[in-house]
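Residue strings, one per chain:
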Amino acid sequence: MSKVEAEVDAPIVRTTRIDVTNGGERLDRALAALMKDLSRSRLKALIVAGHVAISGRTICDPSHRVNAGDDITVAVPEAAPAEPGPENIPLAIVYEDADIVVIDKPRGLVVHPAAGNWSGTLANALVAHCGATLSGIGGVRRPGIVHRLDKDTTGLMVVAKNDRAHRALAAQFADHGRTGPLQRGYLAFVWGLPDRPKGVIDKPIDRHPQARDRMTVRAGGREAITLWEMLESYPAAAAQHGSAPIGAKRGGGGVASLLDCRLKTGRTHQIRVHLAAIGHPLLGDDTYGPGFRTKTALLSEAGQTALGALSRQALHAYLLTIQHPATGTEMVFRSELPSELARLRLMLRAG
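Residues numbered from 1 in each chain as written. Predicted model: local features only at pLDDT ≥ 70, side-chain atom pairs only at ≥ 80, totals over all residues. Heavy atoms only, no water.

Trainee: Which parts of the structure should I look at to understand the overall build of the protein chain?
Mentor: Per the secondary structure count, the protein chain includes seven helices and 17 strands. Across the 351 residues in the protein chain, those meeting the buried criterion constitute 47%. Across the protein chain, contacts joining residues at least 24 apart in sequence account for 68% of those joining residues at least 6 apart. As displayed, the protein chain offers around 16200 Å² of accessible surface, 50% of which is attributable to carbon and sulfur atoms. (Helix = DSSP H or I, 4+ residues; strand = E, 2+ residues; numbered from the N terminus. Buried < 20%, exposed > 50% of the residue type's maximum accessible area, 1.4 Å probe, protein only. Contact = heavy atoms within 4.5 Å. Areas by Shrake-Rupley, 256 points an atom, 1.4 Å probe, with all protein chains shown as cover.)

Quick look at the structure:
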C-alpha cells in the first residue's frame, strides 16, 4: 500500500510497490488502485509532468506497463491555489459541518470542469462556498469530490471540505460498502419489464473502443456490479389499469418499470450501461438506449408529454449512507424525486 515517505516543503514524495494484482497494468491505473486519495486523472497529469519514477527512472507515459515488484516514486507538489475559480452558484445543501457538505445535485450541473464546461460546475460552486478549507490532496486545492454523478443525473453527493475528510471518504468509496455502511441508491425508470423481481448485474465495464465518450460492457474491463429491485411496473397505455404490484404475473404488457439500483462498484455510467446491457435502458437515455425511442408510442399521451419534457435520462440518486469521516457516525440521507421525474412517475401510473 502507498505511504508518505517524506513530507517536506515541496514536493511530498510518496512511494508504493506494485503487487501481483496490479502487475501488467497501465502505470496510471495501477497507481490509482494503490493511491486511492489521488484520482486517476490527477495521477496521469503527474506522470506526464515527469513527477513519477520507477526504480529511479522517470516515466512520462501513463500507459507504461508496470511489473509486480516495481518500486514507484510519486512527487506530489504542494497544494496550489484553488482551481477551478470560485463562482457564486446556488447549491441545494442537505447537510453541512466542518468536514463535509452533502448536496442535492440538480440536472444540468457538471461536477468537474472539462472541455466545453470550464465554468458553471459544481467544483466552481464549492470553491466559492467552502473557501480556504478545501482539500489540497493531489497538489491542487479543490473540493474533495470522491464520487460523481453524470451531468443530467440528479441527487445526493457528499464532498470533503478538508484533507482528513477527503482521505476517509475516499477510503469508504474505494471499499464500496464491503466493510462499512456506505450505500448508494438510485431510482431508475427503465423500458420494459424485468422477468424477475430483483437481480444482480455483474458485467465488466470499459471505455467503448470506437466511441471514447461512452462506456460499454466488455471482457477484460473493470469489475462492475449493480444490484436492482423492481418497485413498480407500468403496462402500455391501452392495457394499463394502474401500476402492477410486485409479484404479479409478468409478460409482454409492461412498457416500463421503476427500479431501485444499488452500486457495489463505481464505474463511469455504470447503471446506464448495465441496464442497457440487460435490455432495460433508462427512459430518456439517448446515449445507451436510442433503439427504444419507438416505445414512446406505447405510453399515454400524458406519459409521452412528461417524457418529452424530461430531456434526460430518468435516473435519480435518492439514497446515500456514509460513515462520518471524523466522528464515525453512520449518516443516512434521502432525496425525493425532482419535480420532472415525479410528474413522469405520476403519468406512467395514471396511464
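Trainee: For this particular structure, what's the right way to read the packing of helix H1 (residues 27–34) against helix H2 (residues 40–48)?
Mentor: The description of two helices packed together rests on the angle between their axes and the distance between the axes. H2 packs onto H1 with a crossing angle of 130° between their chain directions and a minimal axis gap of 9 Å. In terms of orientation, H1 and H2 fall into the oblique class. For the pair H1 and H2, the sense of crossing is right-handed. Across the interface between the two elements, Leu 27, Asp 28, Arg 29, Leu 31 and Ala 32 from H1 touch Arg 40, Leu 43, Lys 44 and Ile 47 from H2. Looking at the contact of H1 with H2 residue by residue, the class counts come to five nonpolar, no polar and four charged. (Axes fitted to C-alpha atoms, helices over the stretch in contact; angles between N-to-C directions. Parallel < 35°, antiparallel > 145°, perpendicular 65-115°, else oblique. Left-handed = near helix turned anticlockwise from the far one by under 90°. Nonpolar A, V, L, I, M, F, W, Y, C, P; charged D, E, K, R; others polar.)

Trainee: Can you walk me through H2 in this structure?
Mentor: Taken residue by residue, H2 has Arg 42, Leu 43, Leu 46 and Ile 47 as its buried positions. In an axial view of H2, the angular spread of the buried residues amounts to 140°, which keeps them on one side of the axis. Structurally, H2 contributes buried residues whose contacts are with H1, strand E3 (52–54) and strand E5 (71–76). Gly 50 lies just past H2 and shows a positive phi near 85°. (Arc of directions from axis to C-beta.)

Trainee: I would appreciate a short explanation of the side chain of Thr 226 in the present structure.
Mentor: Considering the arrangement of structural elements, one finds Thr 226 in strand E14 (residues 225–235). Looking at Thr 226, the relative accessible area reads 1%, which means it is buried. In terms of polar contacts, Thr 226 uses its side chain to reach the side chain of Gln 270, at 2.8 Å. Excluding residues that lie within four positions of it along the chain, Thr 226 makes contacts with Gly 199, Val 200, Ile 201, Cys 261, Arg 262, Leu 263, Gln 270, Ile 271 and His 274. (Polar contact = N/O pair within 3.5 Å; in protein donor to acceptor, adjacent residues only side chain to side chain.)

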